[in-house]
Amino acid sequence: MDTQETSPSVLLFFNNERFIFNAGEGLQRFCAEHKIKLSQVDHICLTRVCSETAGGLPVPKNQISQEIILLMIQGVSGLLLTLAGIKNGSPESTEHVDIWGPPNLDLLVNAMKNFVPHATMVKAHIIPRSDNVMVHGNGAALASSLHAEELQAEGKFKAVSISAILLTPTDLLDGSHFSSNDTSIVYICNLHDIRGEFDPRKAKACGLKKGRKLGQLQNGISVKSDLLDIEVHPDDVIGPPIPGPIVLIVDCPTEPHAQELLSAQALNAYYSDSQSNSPETTKVVNCIIHLSPATVVSSPVYERWMRKFDSAQHIMARTTREHETTPILESSARIATRLHYLCPQLFPAPSLLSVQNDGVAAPNFKGSISKVCGISAENLLKFTLRPPRRLGLDRSSVQNQMTSSVFIKELLSEIPEIADAAKNMSTFWHKPKEDEAELFTRQDSEVMTGDPSLAGHAAPRCMKNVQRDDLEIVFLGTGSSIPSKYRNVSSIYFNLFSKGGLLLDCGEGTLAQLKRRYGINGADSAVRNLKCIWISHIHADHHAGLARILALRRDLLKGVPHEPMLVIGPEQVGEFLKDYKKLEDLDMLFLDCRSTTVAKWDDMEADSMNDESRDHTVLTSLSEDSSLLRCSKRMKPSTPVDDIKLLKRFKKVLSEAGLVRFISFPVVHCPEAFGIILESAERMNCGTVVPGWKVVYSGDTRPCSEVIEASLGATILIHEATFEDGLLEEAITRNHSTIKEAIEVGRSAGAYRIILTHFSQRYPKVPALDEVSIQRTCIAFDLMSVNLADLPVLPKLLPYLKLLFRTRELI
């Protein structure tokens, strides 16, 4: 179902065949939560091609071992690469994942080739558009689908035939214009007929004895009667075939699409009121799953179309319901609620916004369509198609309603002493502050010893009288590789409050995490006010959520004067975005990380000096011997002109955000992998200049001198810690860091606080840390919100976290 956090998806499954309809962000995490196995999915069918329906496709491959058992599920997350990994474990494998969609599907596939491995393992099937055109009653031309296009794969589908009807509204009288990228698809899933039942009494009347002939008849072969001089045909002893159930999956994103749906002649055979239907040709639709938004479903045109089905069960996957409190991801919601109970200052209350009323009334099934039974979809809702005796809805797997109070009750029952621990934690925010003069004098003496590792224990000067509206770092995803039930993949939101915000990495599910942290309106505000998005490297667990964030910002700022979003990342990310823009305008500009290194910023400054020099030279002398002009020539930068223009513009954006440094630096992970340095401007405090804070984010990396050098004197070092200390060999092989190595990098650089993130998904708990490490280190969890003012308290959290996670088995 649609939940604001995710977009709806449907799984149609049989014993030996699986079909997924739509691939929005969130399914892989949802499947891990509910032990749903994706390994046997054969086909991915997209109703549209955009970030909403396909945002979950390009995510790292993974081996998932649970079993698929449910029909109605939350969007497809990482499915394409997951299946490529599962079905193509060896280079000799010839299996592939079939993905079906409208004509613009090739644009998405081409864009993903920039970073999807095993591209040959993905086979795209373009469903052709109908060229038939009819004239609507208002005089506007509408493309009318006369025929449904049957999906044809290598070998027939075993249990079902699936046909597609393309809906592409053309220009209407109101001036609306729809391009080829606005095509949506209605899928018709028709299960194969079941052979009729064998009637022993009829067989006896035809003079047949028990034996081989009865089996031949059941296999469709005529035989000679044993006792009578007649030929017995299968129809003489076998009843009529039982028609296969029919399911429609309908996605009309706009009312013009609904008008096109109403005009689609290919659906005439499925309407109960069609005069052209005879009892022999009538195709009874058993279930219609509506992926159309509530605003469209409640329109007169759409309701008129729904009236054409007398007996179908209508399941509304995107109608809104009030007062829904059951979280989509129960495990992560449970952890977030427990963390909030222990320390609300660092873990704000999670927003259980599974479904919230958006002010649009659900369709009213009354009066002339009273025979229509429409229900709101629920996660894990099933509609059983076979056997015939079980045809209909099945809610046995639907989640029980869970609330924060239930989670807290569980916690207090498991760990009674956690209540006292929470009280103790609260005192850290209410104790009198240490005398600042003594604090900073101690810092100076420690720095003067020449050991940078000692400086990390004292509060840096940027902490002096710091305000809570200066900086807050929100960890939206703290896991690596794939989204899991406990940790989402990499994304960090820098909340600069009135000055906007930044995103460092943007893994799949970033938007959903923003909504869980801030609620729907708060997330919209955060996206609307983003200053830039920075991507560390090409691996999809760091950037697969980009398109969804950019598409939302585009929609939020439609009609409002604004600048395109600046995305900074490796060259391959730029290539992907360049290709993806052909599919969907994301209202953004791209700048290569290499253009934000120290050297390139120096080039930009040199170019600015060149401009000033040239201007001054024109005013003073036109001579080639002018010293200023000679200086200008010597300082000619090596950075491309377009990048310099973007850098100059970006410098202004940074200034508005209160930042003076935004520097990418290379790290040791994969080609074109970067870390980043962020520094804020100085400020005045009681007539004294206070230095700005400095935050360094390592991205994915082995411990290296580049990170240490960048982190010298850092207020915060956010460092990946993918592996536990016992897996050093694996960390070296995969160019990641162990927990101990990450802490040592921060200690060597004299960072005040070290926050570890990007954990392997095998580590949902708190890793073991020694007494020295614990003095400056904190473990990041999803939705953890670290305010600059809370840094002194941060290391005190670890013993309490260990208490919180001591009993519950999380794996």
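Looking up the protein in an unreviewed UniProt entry gives the name tRNAse Z TRZ4, mitochondrial isoform X10, with the organism given as Nicotiana tabacum.

*Asks:* How do you make sense of the overall build of the protein when you look at a structure like this?
*Replies:* Helices and strands together make up the secondary structure of the protein, namely 25 helices and 34 strands. Evaluated residue by residue, the protein yields a buried proportion of 57% over its 811 residues. Partitioning the intrachain contacts of the protein with sequence separation of at least 6 by distance along the chain shows that 69% fall at a separation of at least 24. Of the accessible surface of the protein, which amounts to about 34,200 Å², a share of 51% is contributed by carbon and sulfur atoms.

*Asks:* Please clarify how unusual backbone geometry should be interpreted in this entry.
*Replies:* Of the consecutive residues Arg386 and Pro387, the connecting peptide bond is found in the cis state with omega at 0°. Following the sequence through the fold, Pro387 ends up in the loop between β18 (382-384) and β19 (392-394). With a phi close to 65°, Asp505 is a non-glycine residue in the positive phi region. Examined against the element boundaries, Asp505 turns out to sit in strand β22 (residues 501-506).

*Asks:* Please clarify how the packing of aromatic side chains should be interpreted in this entry.
*Replies:* What describes a pair of aromatic rings is the distance from one ring centre to the other and the angle between the planes of the rings. Counted by the stated rule, this structure contains 13 aromatic pairs. Both rings, one in Tyr493 and one in Tyr518, keep their centres 5.9 Å apart while their planes meet at 85°; by these two values the pair is edge-to-face. In this pair, Tyr493 is assigned in strand β21 (residues 491-495) and Tyr518 in helix α16 (residues 510-528), connecting sequence segments 25 residues apart. Since its relative accessible area comes to 5%, Tyr493 is described here as buried. Since its relative accessible area comes to 23%, Tyr518 is described here as partly exposed. Residues Phe576 and Tyr580 carry aromatic rings whose centres are separated by 5.7 Å and whose planes lie at 45° to one another, so their mutual orientation is tilted. Of this pair, Phe576 and Tyr580 are both found in helix α18 (residues 571-580), four residues apart, which corresponds to roughly one turn of the helix. The exposure class of Phe576 is buried, given its relative accessible area of 7%. Aromatic rings pair up to connect Tyr271, Tyr302, Trp305 and Phe309 into one cluster.

*Asks:* In this structure, what is going on with a nonpolar patch on the surface? I would like to understand it.
*Replies:* Nonpolar side chains collect at one region of the surface, where Leu227, Leu228 and Ile230 lie side by side and expose about 270 Å² of accessible area between them. Residue Leu227 is classed as exposed on the basis of its relative accessible area, which comes to 57%.

*Asks:* Would you take a moment to explain helix α24 (residues 739-749) for this structure?
*Replies:* Because the α-helix completes a turn every 3.6 residues, residues three or four places apart line up on one side. For α24, the full list of buried residues reads Ile739, Glu741, Ala742, Ile743, Val745, Gly746 and Ala749. Within two residues after α24, Gly750 carries a phi angle of roughly 70°, on the positive side.

*Asks:* How should the pairing of strand β5 (residues 97-101) be read in this particular structure?
*Replies:* Where a strand is regular, its side chains alternate between the two sheet faces. Among the five residues in β5, five count as buried, and that is most of the element. Residue alternation in β5 divides its side chains into two sets, Val97, Ile99 and Gly101 and Asp98 and Trp100, and both sets are buried. The sheet contact formed by strand β3 (residues 43-45) and β5 spans three bridges and is parallel. Bridged to Cys45 within β5 is Trp100. As judged from the five bridges shared by β5 and strand β6 (residues 122-126), these two strands associate in the parallel manner. Across the sheet, Trp100 pairs through a bridge with His125, a residue of β6.

*Asks:* For this particular structure, what's the right way to read the sheet that holds strand β26 (residues 659-666)?
*Replies:* Backbone hydrogen bonds hold the strands of a sheet together, and the pairing may be parallel or antiparallel. The sheet built from six strands is open, its strands ordered β26-β27-β30-β31-β32-β33 with mixed pairing. One side of each edge strand has no neighbouring strand; the edge strands of this open sheet are β26 and β33 (777-779). Averaged over all neighbouring strand pairs, the angle between strand axes comes to 15°, with direction disregarded. As paired strands, strand β27 (residues 674-680) and strand β30 (residues 694-697) are joined by four bridges and run antiparallel to one another.

*Asks:* What am I meant to see in helix α13 (residues 418-427) here?
*Replies:* Within the span of α13, buried status applies to Ile418, Ala421, Ala422 and Met425. Buried residues along α13 cover an arc of 100° about the axis, so they all sit on one side. Buried residues in α13 make contact with α11 (330-342), α12 (404-414) and α25 (798-804).

*Asks:* What's the story with the packing of α11 against α12 in this structure? I'm lost.
*Replies:* Look at α11 against α12: their axes get within 9 Å of each other, and the N-to-C directions meet at 70°. Classified by the angle their axes make, α11 and α12 are roughly perpendicular. In terms of crossing hand, the pair formed by α11 and α12 is right-handed. Counted together, Glu330, Ala333, Arg334, Thr337, Arg338 and Tyr341 of α11 and Ser404, Phe407, Ile408, Glu410, Leu411, Leu412 and Glu414 of α12 form the full contact between these two elements.

*Asks:* I'm lost on the sheet that holds β21 in this one. Help?
*Replies:* The sheet built from seven strands is open, its strands ordered β25-β24-β23-β22-β21-β20-β34 with mixed pairing. Both edges of this open sheet fall to β25 (588-592) and β34 (785-787), since each of them pairs with a single strand only. Across the sheet, the mean angle separating the axes of adjacent strands is 20° when strand polarity is ignored. Bridging between strand β23 (residues 530-534) and strand β24 (residues 565-569) involves three bridges; their strand directions are parallel. Bridged to Ile533 within β24 is Val567. Here helix α17 (residues 546-556) sits on the sheet and contacts β22, β23, β24 and β25; the angle it forms with β23, its principal contact strand, is near 165°. The sheet contacts of α18 involve β24 and β25, and relative to β25 the element is tilted by about 155°.

*Asks:* Teacher, can you tell me more about the side chain of His669 here?
*Replies:* Along the chain, His669 falls in the loop between β26 and β27. With residues near it in sequence (within four places) discarded, His669 still touches His537, His539, Asp700, Thr701, Arg734, Asn735 and His736.

*Asks:* Would you take a moment to explain the environment of Ser397 for this structure?
*Replies:* Take Ser397: it is sitting in the loop between β19 and α12. When its relative accessible area of 23% is taken as the criterion, Ser397 is described as partly exposed. Through-space distance from the C-alpha of Ser397 to that of Leu381 is 6.6 Å; in sequence the pair is 16 residues apart.

*Asks:* Help me out: how do you make sense of the pattern of salt bridges in this one?
*Replies:* Note that side chains of opposite charge can pair when their charged atoms are close. Tallied over the entire structure, the rule returns 30 salt bridges. Close ionic contact of Arg334 with Glu410 constitutes a salt bridge, the shortest N to O distance being 2.8 Å. Taken together, the residues span a long stretch of sequence, with Arg334 in helix α11 and Glu410 in helix α12 at a distance of 76 residues. Assessed through its relative accessible area of 9%, Arg334 is described here as buried. Put simply, Arg594 and Asp592 hold a salt bridge, and the shortest N to O gap is 2.9 Å. Asp592 sits in the buried class, given a relative accessible area of 10%. Here the salt bridges share partners, and the residues they tie into one network are Arg48, Glu52, Asp251 and Arg318.

*Asks:* Can you help me understand the pairing of β30 in this one?
*Replies:* Burial of the side chains of β30 extends over both faces: Lys694 and Val696 are buried on one face and Val695 and Tyr697 on the other. For β30 and strand β31 (residues 716-720), the ladder comprises three bridges, and the chain directions are parallel. If you follow Val696 over to β31, its bridge partner there is Leu717. A crossover links β30 with its parallel partner β31, the connecting element being helix α22 (residues 705-710), and its sense is right-handed.

*Asks:* For this particular structure, what's the right way to read the state of the cysteines?
*Replies:* Here, the word disulfide means a covalent bond between the sulfur atoms of two cysteines. This model, assessed by the stated rule, comprises zero disulfides. Among the cysteines around Cys287, which has no disulfide bond, Cys189 carries the closest sulfur, lying 9.8 Å off. The exposure class of Cys287 is buried, given its relative accessible area of 1%.

Definitions and cut-offs
- Residues numbered from 1 in each chain as written.
- Predicted model: local features only at pLDDT ≥ 70, side-chain atom pairs only at ≥ 80, totals over all residues.
- Heavy atoms only, no water.
- Helix = DSSP H or I, 4+ residues; strand = E, 2+ residues; numbered from the N terminus.
- Buried < 20%, exposed > 50% of the residue type's maximum accessible area, 1.4 Å probe, protein only.
- Contact = heavy atoms within 4.5 Å.
- Areas by Shrake-Rupley, 256 points an atom, 1.4 Å probe, with all protein chains shown as cover.
- Phe/Tyr/Trp six-rings, centres within 6.5 Å; stacked < 30°, edge-to-face > 60°.
- Patch = residues over 30% accessible without salt bridge, like charges linked within 9 Å, V, L, I, M, F, W, Y side chains within 5 Å.
- Salt bridge = Lys/Arg side-chain N within 4 Å of Asp/Glu carboxyl O.
- Pairing = 2+ DSSP bridges.
- Axes fitted to C-alpha atoms, helices over the stretch in contact; angles between N-to-C directions.
- Arc of directions from axis to C-beta.
- Parallel < 35°, antiparallel > 145°, perpendicular 65-115°, else oblique.
- Left-handed = near helix turned anticlockwise from the far one by under 90°.
- Right-handed = clockwise from strand over helix to strand, strands pointing away.
- Disulfide = S-S within 2.5 Å.

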